[in-house]
Amino acid sequence: MAKKQLTSYSKWTNVFLLCVLLGGCGSDSSSGDDSTSEQTTNSALTVDAGDAQTVTSGDTVTLTASISDDDTSYGVSWVQLSGTDVTLTDSTLASTSFIAPAVSSAETLQFQVSVDDGSNDAVTDTVSVTVSAEEANDDATNDSVWIINTTNEVSSRILDSSTGVGVLVNVQSVEDETIDAVDYTLVTSQGIPKYDVTVTQDIIDAINERPKASSDLVTGQTTASVGDIVEFGEDVGYISSGQNCDTNAGYGYWPPGPACPTEDEREVYFPKAPQATTEECENGLGKVGLFVNGSSVYNWGDGMSYNNDGSWQNLAPVAEQYDVDICGGHSANGDYHHHFYTRCLADLVGDSGDQHSPIYGYAADGYPIYGPWQSNGQLAVSAWQVRDYSSSSATGCADNARSCTLVDQYDISLGTETATQGPEFDDVVETLSGNQLVAENGYYFEDYFWNSELTAQGGAYLDQFNGHTDSTRGYHYHITIAQENDAYVPAFPYIIGTRFAGQLQDNAVASCSTGTVMGPPPGG
């Protein structure tokens, strides 16, 4: 599958063009008379279902039958005879495919192809596919998933404020540690990733077509050119503002905003054997995990709400879409972080969407966070949906507007309750950075609910925590994106759900939130 490219800001920032490879099997139609004379005999056809295969869970498997006949006037039918059920892309074609299922130990699937020319007896042949279990991830115990800086490489753009020396990039160390009989992986990082981005025309357009380009950029347009390789923190022409925004913090790389990143010494503990939580543990502002390059994972919120009264809470990937860099990240209190998918990290971990995504990071509870792909070309799907506000809907309000909230966003059967009136769906609201956006349905946290019926379908659908379980990886979260027309956009709740799925240890990098909206972290 071809890598998707970064596209301009159409609705969200840092989305990329959907590249589709079209292909198929054409069939030639003869304009001549293909009927046979009464003296012609349609000889029996032959079919070969192909050689046996050995594959790994998650692989795309192609079955191709070789068919020999007097003509092509025959019907094909594939059926599965044994093994874990799979879904064939098209069982009526000579060539069909499926995704190898997750198995705990090697398993053989058997398939039969039947070909019938309408004149002779149908001919069949079988083929076996042995599926090997993908080697189980040891999650945080496996040092290889972390992008560890083994050469003491430092940033040439972001300097330590006290020493003037470049800040160490990526992860500095990953160690095992046992505390009170609990085994942990201890990750040390200064929070500065090594992102080197090759500038495309889409990136140039995205910067130059910002609504406030004339005041966001020194000359009204970016200083970068197509083909440039931009280092993390390299000046691309922005008027960076706020805390730490000087030449030692990558001035010119970040749009105007409250802060620029600095060194952020952290030691983060992840339990090697995470356990499902028995309590409702809301995640809040600040770190909720780490990506494998040492940068922070934040949740869905930016800490602000409509009229700042705690009702109608902003979604960071929406309200801050013009406040992030070309890798979709920015800073709070000097802490560089992501609220949603980043193409830059996908490139670092080699995720091109042609198989189940690799690990992108870990949540504070120790469960791994995988990228957006469930399998080749198949996205993991969030089970959170936008409310229907019409009065006839179970999630709606009497006036068809934002005048009520759900009693419980996890159980819509409990109905709604009166709330402070929110903006109309075509109202324009202003963000902290002074950008004006339309408050369409999906702008606020309260616009969403968890659809348990979607989760119950299994497969690519995720649970309320934005995760699920398979026999290869155990329980894991997925970053979620969704296709809109010819592009992908972040899909709520973006990385992990509104609550942690796992139990937080006392030394976790995050804690359960009270849910009270107090405003954004200082400088973020």
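Residues numbered from 1 in each chain as written. Predicted model: local features only at pLDDT ≥ 70, side-chain atom pairs only at ≥ 80, totals over all residues. Heavy atoms only, no water.

**Q** Mind laying out the sheet that holds strand S13 (residues 171-179), listing which residues take part and the relevant values?
**A** What the 3 strands build is an open sheet, ordered S13-S14-S17; its pairing is antiparallel. A strand with exactly one partner marks an edge of an open sheet, and here the two such strands are S13 and strand S17 (266-271). Between one strand and the next, the sheet's axes are offset by a mean angle of 25°, whatever the strand orientation. Here strand S14 (residues 182-189) runs beside S17; their pairing, made up of 6 bridges, is antiparallel. (Pairing = 2+ DSSP bridges. Helix = DSSP H or I, 4+ residues; strand = E, 2+ residues; numbered from the N terminus. Axes fitted to C-alpha atoms, helices over the stretch in contact; angles between N-to-C directions.)

**Q** Would you mind going over the side chain of Ser382 in detail, with residue names and values included?
**A** Secondary-structure assignment places Ser382 in the loop between strand S27 (378-379) and strand S28 (384-386). Of the polar contacts made by the side chain of Ser382, one reaches the backbone oxygen of Phe492; its length is 2.7 Å. Not counting residues within four places of it along the chain, the set of residues in contact with Ser382 comprises Leu462, Asn466, Thr480, Phe492 and Pro493. (Polar contact = N/O pair within 3.5 Å; in protein donor to acceptor, adjacent residues only side chain to side chain. Contact = heavy atoms within 4.5 Å.)

**Q** Would you mind going over the sheet that holds strand S9 (residues 107-116) in detail, with residue names and values included?
**A** Remark on secondary structure: sheet strands pair via backbone hydrogen bonds, oriented parallel or antiparallel. Strand order in the open sheet formed by 4 strands is S4-S10-S9-S7, and the pairing between neighbours is mixed. The sheet is open, and its two borders are formed by strand S4 (53-56) and strand S7 (75-82), each paired with just one other strand. Put simply, the sheet's adjacent strands are angled 30° from each other on average, direction ignored. Of the strand pairs in this sheet, S7 and S9 are connected by 7 bridges, and their pairing is antiparallel. If you follow Trp78 over to S9, its bridge partner there is Val113.

**Q** Summarise the pairing of strand S35 (residues 474-478); cite the residues concerned and give the values.
**A** Across the 5 residues of S35, 4 count as buried, placing the element largely inside the fold. Looking at chain direction, strand S25 (residues 368-370) and S35 are connected through 2 bridges and run parallel. For Ile369, the partnering residue across the bridge sits in S35 and is Tyr477. In this sheet, S35 lies alongside strand S34 (residues 467-470) in antiparallel orientation, the contact comprising 4 bridges. (Buried < 20%, exposed > 50% of the residue type's maximum accessible area, 1.4 Å probe, protein only.)

**Q** Would you mind going over the environment of Val428 in detail, with residue names and values included?
**A** By the secondary structure assignment, Val428 is in strand S31 (residues 428-430). Val428 gets classed as exposed once you look at its relative accessible area, which sits at 51%. In this structure, the C-alpha to C-alpha distance between Val428 and Glu440, residues 12 residues apart in sequence, is 8.9 Å. If we ignore the near neighbours within four places in the chain, the residues touching Val428 are Gln436, Leu437 and Val438.

**Q** Can you tell me about the packing of aromatic side chains, naming the residues and giving the values?
**A** Aromatic rings in a pair are described by how distant their centres are and how their planes are angled relative to each other. A complete count under the given rule lists 27 aromatic pairs for this structure. Ring geometry for Phe232 versus Trp254: centroids 5.4 Å apart, planes at 80°, classification edge-to-face. Of this pair, Phe232 sits in the loop between strand S16 (229-231) and S17 while Trp254 sits in the loop between S16 and S17, and the two are 22 residues apart along the sequence. The interplanar angle of 80° and the centroid separation of 5.2 Å between the aromatic rings of Trp384 and Tyr410 together place this pair among those described as edge-to-face. Of the two residues, Trp384 is situated in strand S28 and Tyr410 in the loop between strand S29 (404-406) and strand S30 (416-418); the sequence distance between them amounts to 26 residues. In terms of burial, Trp384 and Tyr410 fall into one category: buried. Among the aromatic residues, ring-to-ring pairing joins Trp300, Trp384, Tyr410, Phe445, Tyr448, Trp450, Phe492 and Tyr494 into one connected group. Directly above the aromatic system of Tyr410 lies the positively charged group of Arg499, at a separation of 3.7 Å from the ring centroid. (Phe/Tyr/Trp six-rings, centres within 6.5 Å; stacked < 30°, edge-to-face > 60°. Lys NZ or Arg CZ within 6 Å of the ring centre and 35° of its normal.)

**Q** Describe the state of the cysteines, with residues and values.
**A** Here a disulfide denotes a covalent bond joining the sulfur atom of one cysteine to the sulfur atom of another. One pass over the structure, following the stated rule, counts 4 disulfides. A disulfide bridge connects Cys327 with Cys344, and the sulfur atoms are separated by 2.0 Å. On the sign convention where negative means left-handed, the S-S torsion of about -85° between Cys327 and Cys344 marks this disulfide as left-handed. One end of the pair, Cys327, is in the loop between helix H3 (316-319) and strand S22 (329-332); the other, Cys344, is in helix H4 (residues 343-349), with 17 residues separating them in the sequence. (Disulfide = S-S within 2.5 Å.)

**Q** Residue-level account of the environment of Gly329, with values.
**A** Mapped onto the secondary structure, Gly329 falls in strand S22. Note: C-alpha distance between Gly329 and Trp254 (75 residues apart in sequence) is 9.1 Å. Apart from residues no more than four positions distant in its own chain, Gly329 is found in contact with Trp254, Val324, Tyr336, His337 and His338.

**Q** How would you sum up the nonpolar core? Please name residues and give values.
**A** Formed by 90 residues in total, the largest nonpolar core has its most connected members in Trp146, Tyr477 and Phe500. With 4 residues, strand S24 (residues 359-363) is the single largest residue contributor to this core. Filtering out sequence-adjacent residues up to four positions away, Phe500 remains in contact with Thr277, Cys281, Asn283, Val288, Ala364, Asp365, Phe465, Tyr477, Ala510 and Ser511. In terms of nonpolar packing, the next biggest core, distinct from the first, is built from 21 residues, Val47, Phe98, Phe111 and Val131 among them. (Core = buried A, V, L, I, M, F, W, Y, C linked by side-chain atoms within 4.5 Å.)

**Q** I'd like to hear about helix H1 (residues 201-208), residue by residue, with values.
**A** Restricting attention to buried positions, one finds in H1 the residues Ile203, Ile204, Ala206 and Ile207. Buried residues in H1, looked at end-on, bunch into an arc of 165°, giving them a common side. (Arc of directions from axis to C-beta.)

**Q** Kindly report on unusual backbone geometry, identifying the contributing residues and their values.
**A** The omega torsion of the bond from Phe492 to Pro493 falls at 5°, within 30 degrees of zero and hence cis. Mapped onto the elements, Pro493 comes out in the segment after strand S37 (487-490). For Asn333, which is not a glycine, the phi torsion comes out positive at approximately 55°. Unusually for a residue other than glycine, Asn466 sits at a positive phi of about 70°. With respect to the helices, strands and loops of the structure, Asn466 is situated in the loop between helix H5 (452-456) and S34.

**Q** Residue-level account of the confidence of the model for the chain, with values.
**A** Here the chain shows a mean pLDDT of 86. Residues at 70 or above account for 88%. Low pLDDT, under 50, characterises residues 1-39; the predicted model gives this stretch 82 contacts beyond four residues in sequence or across chains. Note that pLDDT drops below 50 for residues 516-524; the model gives that stretch 26 contacts with residues more than four away or on any other chain. (pLDDT = per-residue confidence, 0-100.)

**Q** Could you give me a rundown of the side chain of Ser296, with the residues and numbers involved?
**A** Relative to the assigned elements, Ser296 resides in strand S19 (residues 296-297). There is a polar contact of 2.8 Å between the side chain of Ser296 and the side chain of Asp335. Residue contacts for Ser296: discarding those within four places in its chain leaves Arg266, Lys287, Gly289, Leu290, Asp335, Tyr336, His337 and His338.

**Q** Describe the pattern of salt bridges, naming the residues involved and giving the relevant values.
**A** Applying the stated rule across the entire model yields 15 salt bridges. Notably, a salt bridge pairs Asp470 with Arg473, separated by 2.8 Å at the nearest N-O pair. Across the pair, Arg473 and Asp470 agree in class, each one buried. Among the ionic contacts, a cluster of salt bridges with common partners joins Asp264, Arg266, Lys287 and Asp335. (Salt bridge = Lys/Arg side-chain N within 4 Å of Asp/Glu carboxyl O.)

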